[in-house]
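Residues per chain, in single letters:
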Amino acid sequence: MPLALLALAVGAFGIGTTEFVMMGLLPDVADDLHISIPTAGHLVSAYALGVVIGAPLLAALTARMSRRTVLIGLMALFVAGNALSAFAPGYDSLLAARFLSGLPHGAFFGVGAVVATNMVAPERKARSVSLMFLGLTVANIAGVPVATLMGQHLGWRATFLGVSAIGLAAIASLAALIPHDHTHAPAAGLRRELSALRSLPVWLALGTTVAGFGALFAAYSYITPMLTGAAGYAESSVTLLLALFGVGATAGNLVGGRLADHSLRGTLFGGLVSLAAVLALFPLLMHARWSAALAVALLGAAAFITGSPLQLMVMEKASAAPSLASSANQAAFNLANAGGAWIGGVALAAGFGVTSPSLAGAMLAVLGLGVAGVAYGVDRRRVPQSGTGRLVAVHLPEASEALHR
């Protein structure tokens, strides 16, 4: 695997840290700015909104630029957003800075996934995407806990300065390690980029992402009350248990990338079935502390097995605009975050019990499995069977360039 993937992983580590650290800093931010915790929670929503808007918009606007230049520019915008967060004088300015920080998130992963897959052989595409995502999952193990402790002891502003420093390290890594000869985008106009998203298979793939990761966030958004109310853990133990989620997510991401290179759809179907099973068993597993800890790790593993397959599938279905489609998949991921949390909250508010969000998540995973099945049926009707069971998108300008090299 190319060393350049390390540069993408460093950027993903910084993005993953700033995305999830706000959850742990909400009380500190609320106290410092003299606002309520629910009001401070809008800072999380502002970041997610930035991702949803910025992912397809920035990918489309930069479609004809060098991908190396785009990645460095996106990370520079990320650094600016976090630096402005650190020096925000009040709540409104912090809200705007968090929105700005979220804008490059989806486009970075989208363009980064295209660069990663173009640097490896076709049989290693999913593995290359999983190595980029490794930075995101490791952020849940190390980045978020360390950044949270930094915020609690040095002030929440120090956390965002630290994240800005990670962003600067990512810029240096991208400039040093991303080769120029793998980053030129095909000469496609904005209209062609947008027209590639009109395909039904692309929307089915995006729908699978929304339902599949919506299943994860329906449960994960309420993991703390499950662990304290059902399993009997003290609140002080939750941070360590959430690190177990990161360990599971890292393992699932690596395994999913390797398996998807052999069978993309098989890995996707298997991951969704596993996710549905884990979530359905959550109410039983939460009755004992050891099994609850196991459930948290299994949740991370089952959910992130599907990450690389979904990203690669969207890119393959929109071969004329892989950067835009890949970025749209990141927007779908954040829609899943918001929608899954809302659905889990509905189950909890209805009085079905503290573990009921996991059962709502299990139903969403089954829905995602159904959407993936429909997508498979559409593909079988549209494409003659060649015996391979998988299509690999090839960009003619890049293939021609590779032949000349």
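See the structure shown above.
The structure displayed is predicted, hence computed values, not measured ones. (Residues numbered from 1 in each chain as written. Predicted model: local features only at pLDDT ≥ 70, side-chain atom pairs only at ≥ 80, totals over all residues. Heavy atoms only, no water.)

Student: Lay out the pattern of salt bridges with the relevant residues and their values.
Tutor: Within this structure, the stated rule accounts for three salt bridges. Among the ionic pairs, Asp 32 bridges to Arg 157, the shortest N-O distance being 3.8 Å. Here Asp 32, found in helix α1 (residues 4-33), pairs with Arg 157, found in helix α7 (residues 156-177); they are 125 residues apart in sequence, far enough to count as distant. Judged by relative accessible area, which is 39%, Asp 32 ranks as partly exposed. With a relative accessible area of 27%, Arg 157 lands in the partly exposed category. Residues Asp 261 and Arg 127 are paired through a salt bridge, measuring 3.6 Å at the closest nitrogen-oxygen approach. With Asp 261 in the loop between α11 (238-260) and α12 (264-285) and Arg 127 in helix α6 (residues 125-154), this residue pair connects regions lying 134 residues apart in the sequence. Taken individually, Asp 261 and Arg 127 each receive the classification buried, so the pair is uniform in this respect. (Salt bridge = Lys/Arg side-chain N within 4 Å of Asp/Glu carboxyl O. Helix = DSSP H or I, 4+ residues; strand = E, 2+ residues; numbered from the N terminus. Buried < 20%, exposed > 50% of the residue type's maximum accessible area, 1.4 Å probe, protein only.)

Student: Tell me about the nonpolar core, and name the residues and values.
Tutor: Burial of nonpolar side chains together is a common tendency in soluble globular proteins. Core analysis: the largest hydrophobic core is formed by 57 residues, its most contacted members being Leu 216, Leu 227, Leu 275, Phe 282, Met 286 and Leu 299. If one sorts the elements of this core by residue count, helix α9 (residues 200-220) sits on top with ten residues. Aside from chain neighbours lying at most four places away, what touches Leu 275 is Gly 212, Ala 215, Leu 299, Ala 302, Ala 303 and Ala 365. Counting residues in hydrophobic clusters, the runner-up holds 37 residues, among them Phe 20, Val 51, Phe 108 and Val 115. (Core = buried A, V, L, I, M, F, W, Y, C linked by side-chain atoms within 4.5 Å. Contact = heavy atoms within 4.5 Å.)

Student: Tell me about the environment of Ala 362, residues and numbers included.
Tutor: For Ala 362, the location among the structural elements is in helix α16 (residues 356-382). With relative accessibility at 10%, the residue Ala 362 sits in the buried group. Those residues in contact with Ala 362 that sit more than four places away from it in its chain are Ala 276, Leu 279 and Ala 280.

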